[in-house]
Amino acid sequence: MALTSCKPDLISLNGPSTGAFPANAKEAEMGLFGAYQNISKLDAASTPIWHVMDNLTDIGYARPGTNYTSPITSAITTDNALTNKPWQIHYQTIARVHTVLDNLEKLRATMTDAAYKQLDAELRFVRAYCYSQLIELYGAVPLLKHGVDLSNANVPRSPKAEVEQFLLDELTAIADNLPPSQAQFGNVRASKVAAYMLKARVALYAKKYKEAAVAANTAITLSNGQHDLTPFNASIDHVGKDHTAGEPEVSNIFGHTGFKTSKEWIWVAEYNMTIPGNTHNQQYYSASRLGKGVCYWGPTQDLINTFQAKDGLPITQSPLYDASKPFENRDPRLDMYCARPHARYVGYQFEPATSFSTVKNYWPVINGTSPTAPSVANADATNAFRSFSGYLWRKPIDLADFASTSVSGVSDLNVGIFRFAELLLIYAEAKIEDNDIDNTVYEAINKIRRRAKMPELPTALTQAELRTALRYERKVELANDGLRWYDLRRWDIAKTVMNGYIYLNRDAKAWTKEVLTGFDENYTPIYNHAEAIKYFTTQQVIFKVKKDELWPVPKSERDANKSLDQNDGY
């Protein structure tokens, strides 16, 4: 590891030297806060990493470029900035943890037992989260349990299974030393629910399904009165309609208001305008051209086609689906989570098609300065860097940021890392894969579907049918939460899903029902390619087995640590 990976950066701690730090409980808490804050440095194109990862899969697309096209075309190099950054930031965060954790015992006599155990548990939780991400991205990684310096920095990689077991043991040891909730801190600090949820996620990814189900069930039980799904707001009435009806939006969950009031959030990455460097330009990189954005990220046609009809059937089977009006009668999450042609988005009529030379600007109506929406030139169709997929994400957008976001604007909208919807799906998947299917599995999935005003699952489904239903829910409910990249690999379907083509509709062309022939068991759309390319553009994607399951160990780290070997294929 390079020094950036093992030597702590204590600038934000304002003063104490590493030799004397922490000198008291207050300094130890400052060190913990520094570790939490460091996680928020994970970004790409000034967008928090959780809202980047899905745009390297079949459901999201990034503006073409070296950092974002190479991961989907098997062309990553060992100096790729995107794939290097998580290694560097996570190890820097681990180093911050060790700066406090290695010296915490000397403060024990000055603290209450409960305060000491909670501080110790929060530090170890942060470390566990970092390792849980490292092993999924890179496989085997150096497992540091204490700080290292130049004399012992050449640490070899530990097998992934060893790190997984360490994490499960750690989370078991610390969970009950944490408070049930830390809502008073905006859920930016770890709670008992968060620890059990992380344990459940690690166990699920490790295919330890019984352990995952037990941990997830514990987290769900502890969530009673603390966490739950937040109903969509009244804007759900605008789904399936055009821009004149209003704007679907999810700020009561994913916006500033949501992070303050929604019980759905279990653990959150915090951003704060008053702290230098603790902001991002997420809205600028995500939003439409008219919405003061640059359209860096957007859903693919593959995701848009995945959303069921509102009767719960795939669009290739539902009598409610009309390809000439493809956004009507669909799962409301299509419009709640994605922006598509003819809808209102960030206060404007959203039309990527060049046939719309002008569109409506609803901001005078929204602001109460005019009863009518004037027409404006349609930059979302004419700008050379308009949406590359033909769609945009709603999830990381909050209209409250619109007034301040610009080319140089910044936002401190928080980003959710753990939310209750994912916890329910972890529980359901673990039970399905363990073939321990009961009514609680159906209820976990149906609770999410009821929130979306979708029909409940049919009863008496087989294990395979429930698996398909679960994978549909993860694909659409967790879209742009940053989990799809991992799902494709742990389900061993990246080799098929990410080989061939993903479909885009940058010119917002109409299409016929014949573009699709059905969906596979993972709810991946199956295309009639010859028909589809009459309407859609494509991005060729390449996934090489025994290579693209993982990202490469950064070249800079191997140059500094000769004990690090490289992943296959790089």
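A quick note: this is a predicted structure, and the numbers were derived from the prediction, not measured.

*Asks:* A description of the side chain of Arg 201 should follow, citing residues and the corresponding values.
*Replies:* By the secondary structure assignment, Arg 201 is in helix H7 (residues 192–205). Classification of Arg 201 as buried rests on a relative accessible area of 5%. A distance of 2.9 Å separates a polar atom in the side chain of Arg 201 from a polar atom in the side chain of Glu 422. Those residues in contact with Arg 201 that lie beyond four places of it in its chain are Tyr 129, Gln 133, Ile 417, Phe 418, Glu 422, Ile 426 and Leu 483.

*Asks:* How would you sum up the nonpolar core? Please name residues and give values.
*Replies:* Counting residues in hydrophobic clusters, the biggest one holds 166 residues, and the most contacted among them are Tyr 68, Phe 125, Tyr 131 and Phe 418. Ranked by residue count, the leading element in this core is helix H5 (residues 113–138), at 14 residues. The contacts of Tyr 131, once residues within four sequence positions are left out, are Tyr 91, Ile 94, Val 141, Pro 142, Leu 143, Leu 144, Val 163 and Leu 167. Within the second largest apolar cluster, 13 residues are counted, among which are Ala 287, Leu 290, Val 359 and Ile 397.

*Asks:* Any chance you could break down the side chain of Glu 264 for me, citing the residues and the numbers?
*Replies:* Relative to the elements of secondary structure, Glu 264 occurs in the loop between helix H10 (256–261) and strand S4 (265–269). One polar contact links the side chain of Glu 264 to the main-chain amide nitrogen of Thr 230, over a distance of 3.1 Å. At a separation of 2.7 Å, a polar atom in the side chain of Glu 264 contacts the side chain of Arg 419. Those residues in contact with Glu 264 that lie beyond four places of it in its chain are Asp 228, Leu 229, Thr 230, Ile 253, Phe 418, Arg 419, Phe 420, Ala 421 and Arg 451.

*Asks:* Please set out the pairing of strand S14 (residues 516–519) residue by residue, giving values where relevant.
*Replies:* Across 3 bridges, S14 lies against strand S15 (residues 525–527) in antiparallel orientation. Bridging from a neighbouring strand, Phe 519 pairs with Pro 525 of S15. Hairpin connection of S14 to S15: 5 residues between the antiparallel strands, including Tyr 523 at a positive phi of 60°.

*Asks:* Go over the pattern of salt bridges with me, naming the residues and quoting the values.
*Replies:* Within the structure shown, the criterion is met by 41 salt bridges. Among the ionic pairs, Asp 58 bridges to Lys 475, the shortest N-O distance being 4.0 Å. Remark: Lys 475 occurs in helix H18 (residues 463–477) and Asp 58 occurs in the loop between strand S2 (47–48) and strand S3 (60–62); sequence separation between them is 417 residues. Note on Lys 475: relative accessible area 1%, which makes it buried. Notably, a salt bridge pairs Asp 228 with Lys 447, separated by 2.9 Å at the nearest N-O pair.

*Asks:* Talk me through the packing of helix H2 (residues 25–39) against H5; I want residue IDs and the actual numbers.
*Replies:* Close contact between H2 and H5 brings their axes to 10 Å; oriented N to C, the two are set at 20°. Judged by the inter-axis angle, H2 sits roughly parallel to H5. As for the relative orientation of H2 and H5, their crossing is left-handed in sense. On the side of H2, the interface is formed by Ala 28, Glu 29, Leu 32, Ala 35, Tyr 36 and Ile 39, while H5 contributes Leu 119, Glu 122, Leu 123, Val 126 and Tyr 129. Of the residues assigned to the contact of H2 with H5, the class counts are 9 nonpolar, no polar and 2 charged.

*Asks:* How would you explain the state of the cysteines if you had to name every residue and give the values?
*Replies:* When the sulfur atoms of two cysteines share a covalent bond, that bond is a disulfide. In total, this model carries 0 disulfides according to the counting rule given. Cysteine Cys 295 is unpaired, with the sulfur of Cys 338 as its nearest cysteine sulfur at 15 Å. Using a relative accessible area of 2% as the deciding quantity, one classes Cys 295 as buried. On the basis of relative accessible area, Cys 338 is assigned to the buried category, the value being 0%.

Thresholds applied
Residues numbered from 1 in each chain as written. Predicted model: local features only at pLDDT ≥ 70, side-chain atom pairs only at ≥ 80, totals over all residues. Heavy atoms only, no water. Helix = DSSP H or I, 4+ residues; strand = E, 2+ residues; numbered from the N terminus. Buried < 20%, exposed > 50% of the residue type's maximum accessible area, 1.4 Å probe, protein only. Polar contact = N/O pair within 3.5 Å; in protein donor to acceptor, adjacent residues only side chain to side chain. Contact = heavy atoms within 4.5 Å. Core = buried A, V, L, I, M, F, W, Y, C linked by side-chain atoms within 4.5 Å. Pairing = 2+ DSSP bridges. Salt bridge = Lys/Arg side-chain N within 4 Å of Asp/Glu carboxyl O. Axes fitted to C-alpha atoms, helices over the stretch in contact; angles between N-to-C directions. Parallel < 35°, antiparallel > 145°, perpendicular 65-115°, else oblique. Left-handed = near helix turned anticlockwise from the far one by under 90°. Nonpolar A, V, L, I, M, F, W, Y, C, P; charged D, E, K, R; others polar. Disulfide = S-S within 2.5 Å.

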